[in-house]
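Structure at a glance
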Amino acid sequence: MLSMIGLVGGLALLIYLTMKGMNLLVAGPLCALFVAIFSGLPLFPQLVGEGEANLVGNYMTGFSGFIASWYLMFLLGAIFGKVMEDSGAADSVSKWIVEKLGMKRAVLAIVIACAILTYGGVSLFVVAFSVYPMAVSLFRQANLPRRFIPAALAFGSVTFTMTSAGSPEIQNWIPIEYLSTSPYAGWEVSLIVAVFMMVFGYWWLRRMITKAVASGEKFVSRDNDPVNEDKALPHPLTGLIPLLVVLIISFIFHDSLQQSALIIALLGGVITAYLLNRNYFKSFWDAVSEGTLGALIALGNTAAVVGFGGVAKAVPAFEIAVNAMTSIPGSPLIGGAIAVSVIAGMTGSASGGQAIALPLIAPHYMDMGVNPEALHRVVAISSGALDSLPHNGYVVTTIRGICGESHKEAYNPVAALTVIVPLIGLAIAIILFAFGLGI
């Protein structure tokens, strides 16, 4: 009982401290300490036998293990995004989209720009950094309340693209290692769910913004708002080609290299972006340096909550919770979806939640004969729902670090689009798989 109080209380404390603005690199270990004390978990490796659970050992194993597995992907994704940004290729693609859609569809332009960059393999964090200047400009011109910018960025990045079939984002690649599937697993169902999330989510976002404008909210400028430089931009095609290169390379090598194919794909994207746009760079090496820094921040925030999850899964209450979730009667996909969703919510990370949940649940469900393609897609979609609670690294970075908003002002629209919409999409996916579609 005390262990369960510690587990639930630690998660609640992590969410509370995040809402109050505490750095995740501090809040993560602090809340892990809370969980450990209530569960009677020894604090240091020196107090237990070799290989036995303890706070520092388990936290740092989770923290460093995630970095060891995903550092190169985060690094190359961030560098790719910065290279696209510095050369003007990302701006060129974004402006081309706006020209085609028109200013009246400014919000849709932001969502599509994020979606194209995300599905092209650009790191989620970098997409937010890259599209934010354009978003501020469009919201200013359309006189829309800026507290909805984080929701527009998040909706275009972490919903219908991040967990869809074929996406080069790591949330779609982690299950491959445990299920021996491909990034295109369950693509028929994935396509239907992605279209639903895109249409329904955009309608909801527009409805929230229209309601806010009707109540008198408008755009308020700030002194530190980014200024769009009036400089020559490359042709939009030279911005789209590197994105296609990432997708094509990841498709070619995914069978032989699995998740490591993403390293080659992103490196290919960086080289292609440089070769096509080398005359437009302000400073290529500065872009590489900034991308590296951005990768470390994103990776650190995510690893901090994965470390919390590493401690959480070592306490008795966690095993009880997992057993309860995987023993839910009915479709095994429902139990798998709930397990991944809850663990992703506890860790505040879709990728971190998968990394913790899959080693525990994949063998269990595979032994039961569950279709691996269906399980892959359900796991991917479910990981992108409760992960977006307030303490999620992407949510914190986007709301506070990039957009300069508070959770109080900006989080509710983000939650509607990145928690509720994916949960509905998840329910649709499970129903479609239950009827045999894509299996």
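Residues numbered from 1 in each chain as written. Predicted model: local features only at pLDDT ≥ 70, side-chain atom pairs only at ≥ 80, totals over all residues. Heavy atoms only, no water.

Turning to helix 18 (residues 407-434), a few remarks are in order. Residues spaced three or four apart along an α-helix point in a common direction, a consequence of the helix completing one turn every 3.6 residues. Here helix 18 is 28 residues long and its end C-alpha atoms lie 38 Å apart, about the 40 Å a rise of 1.5 Å per residue gives. The largest bend along helix 18 measures about 35 degrees and falls at A415. Following helix 18 by one or two positions, G436 adopts a phi angle in the positive range, close to 90 degrees. (Helix = DSSP H or I, 4+ residues; strand = E, 2+ residues; numbered from the N terminus. Expected span 1.5 Å × (residues − 1). Bend = angle between axes of the 7 residues up to and from the residue.)

All right, on to the packing of helix 3 (residues 55-86) against helix 12 (residues 284-312) then. Close contact between helix 3 and helix 12 brings their axes to 6 Å; oriented N to C, the two are set at 150 degrees. As summarised for this structure, helix 3 and helix 12 are arranged roughly antiparallel, according to the angle between their axes. In terms of crossing hand, the pair formed by helix 3 and helix 12 is right-handed. The class makeup of the residues in the contact of helix 3 with helix 12 is 24 nonpolar, eight polar and three charged. (Axes fitted to C-alpha atoms, helices over the stretch in contact; angles between N-to-C directions. Parallel < 35°, antiparallel > 145°, perpendicular 65-115°, else oblique. Left-handed = near helix turned anticlockwise from the far one by under 90°. Nonpolar A, V, L, I, M, F, W, Y, C, P; charged D, E, K, R; others polar.)

So, about the pattern of salt bridges. Charged atoms that come close allow side chains of opposite charge to pair. This structure, assessed with the given rule, holds three salt bridges. As a salt-bridge pair, E290 and K82 come within 3.6 Å of each other at their nearest N and O atoms. Taken as a pair, E290 in helix 12 and K82 in helix 3 lie far apart in primary sequence, 208 residues in all. The partly exposed category is assigned to E290, whose relative accessible area is 46%. Residue classification places K82 among the buried residues on the basis of a relative accessible area of 13%. Here R147 and E217 are joined by a salt bridge, their closest N and O atoms 2.8 Å apart. One end of the pair, R147, is in the loop between helix 6 (124-142) and helix 7 (149-158); the other, E217, is in the loop between helix 9 (187-214) and helix 10 (236-257), and 70 residues separate them in sequence. (Salt bridge = Lys/Arg side-chain N within 4 Å of Asp/Glu carboxyl O. Buried < 20%, exposed > 50% of the residue type's maximum accessible area, 1.4 Å probe, protein only.)

Here we take up unusual backbone geometry. Phi is positive for N143, which is not a glycine, with a value near 55 degrees. For N143, a relative accessible area of 39% corresponds to the partly exposed category. Even without being glycine, S180 reaches a positive phi, approximately 55 degrees. Inspection of the secondary structure assignment puts S180 in the loop between helix 8 (174-179) and helix 9.

Further remarks concern the environment of L108. Residue position: L108 is located in helix 5 (residues 106-119). The sequence separation of L108 and G156 amounts to 48 residues, and the corresponding C-alpha distance is 9.0 Å.

With that settled, the discussion passes to the UniProt feature "transmembrane region" (unreviewed entry) in the protein chain. Under the present numbering, the feature "transmembrane region" (unreviewed entry) in UniProt falls on residues 24-44, 56-80, 106-136, 148-165, 185-205, 232-253, 259-276 and 414-437. With 100% helix and 0% strand, the stretch residues 56-80 has end C-alpha atoms that lie 34 Å from each other. The span residues 414-437 is 88% helix and 0% strand, and its two end C-alpha atoms sit 31 Å from each other. (UniProt positions renumbered as here; feature names shortened; annotations may be inferred.)

Turning next to the layout of surface pockets. Considered as a void within the structure, the second largest pocket measures approximately 330 Å³ in volume. If you go around the second largest pocket, you meet 17 residues; those closest to its centre are G62, G65, F66, K313 and A355. Residue contributions to the lining of the second largest pocket peak at seven residues, all from helix 3. When the residues that make up the lining of the second largest pocket are grouped by side-chain class, the tally is eight nonpolar, seven polar and two charged. (1 Å grid on protein atoms, 1.4 Å probe; cavity = no way out; pocket = protein on both sides within 12 Å on 5 of 7 lines; lining within 4 Å. Points joined across faces, edges and corners; volume = space filled by probe spheres on them.)

As a further point, take the packing of helix 16 (residues 372-383) against helix 18. Where helix 16 meets helix 18, the axes come as close as 9 Å, and the angle between the chain directions of the two elements is 170 degrees. Judged on the interaxial angle alone, helix 18 and helix 16 are roughly antiparallel. Only P422, G425, L426, A429, I430 and F433 of helix 18 make contact with helix 16, whose side of the interface consists of E373, A374, R377, V378, I381 and S382. Of the residues contributing to the contact of helix 16 with helix 18, the split by class is eight nonpolar, two polar and two charged. (Contact = heavy atoms within 4.5 Å.)

All chains considered together, the criterion is met by 10 aromatic pairs. Between the aromatic rings of F200 and W204, the centroid separation amounts to 5.8 Å while the plane-to-plane angle is 45 degrees, which identifies the pairing as tilted. Here F200 and its partner W204 are both found in helix 9, four residues apart, which amounts to about one turn of the helix. Members of the aromatic cluster, connected to one another through ring pairs, are F196, F200, W203 and W204. (Phe/Tyr/Trp six-rings, centres within 6.5 Å; stacked < 30°, edge-to-face > 60°.)

So, about a nonpolar patch on the surface. Together, L244, I248, F251, I252, F253, L257 and I264 make up an exposed nonpolar region whose accessible area comes to about 630 Å². Ranked by residue count, the leading element in the nonpolar patch is helix 10, at six residues. Tracing the backbone through its elements, the reader meets I264 in helix 11 (residues 261-277). (Patch = residues over 30% accessible without salt bridge, like charges linked within 9 Å, V, L, I, M, F, W, Y side chains within 5 Å. Areas by Shrake-Rupley, 256 points an atom, 1.4 Å probe, with all protein chains shown as cover.)

What follows deals with the nonpolar core. Core analysis: the biggest nonpolar cluster contains 138 residues, and I110, V131, F139, L153 and L205 have the highest contact counts within it. By residue number, the principal contributor to this core is helix 3, which donates 14 residues. Apart from the residues lying within four places of it in its own chain, the contact partners of L153 are I110, C114, A128, V131, Y132, A135, Y394, T398 and C403. (Core = buried A, V, L, I, M, F, W, Y, C linked by side-chain atoms within 4.5 Å.)

Further remarks concern the side chain of E405. Within the secondary structure layout, E405 lies in the loop between helix 17 (393-402) and helix 18. Non-local contacts of E405, meaning those with residues more than four positions away in its chain, are made with R146, R147, P150, R222, I399, R400 and A410.

Next up on the list: the environment of V193. Residue placement: V193 occurs in helix 9. Taking C-alpha positions, V193 is 9.2 Å from I381, a pair spaced 188 residues apart along the chain. Here V193 is in contact with I381, G425, I428 and A429, once residues within four sequence places are set aside.

Turning our attention to the environment of L275. Along the polypeptide, L275 turns up in helix 11. Distance from L275 to T238, taken between C-alpha atoms, is 9.6 Å for residues 37 residues apart in sequence.

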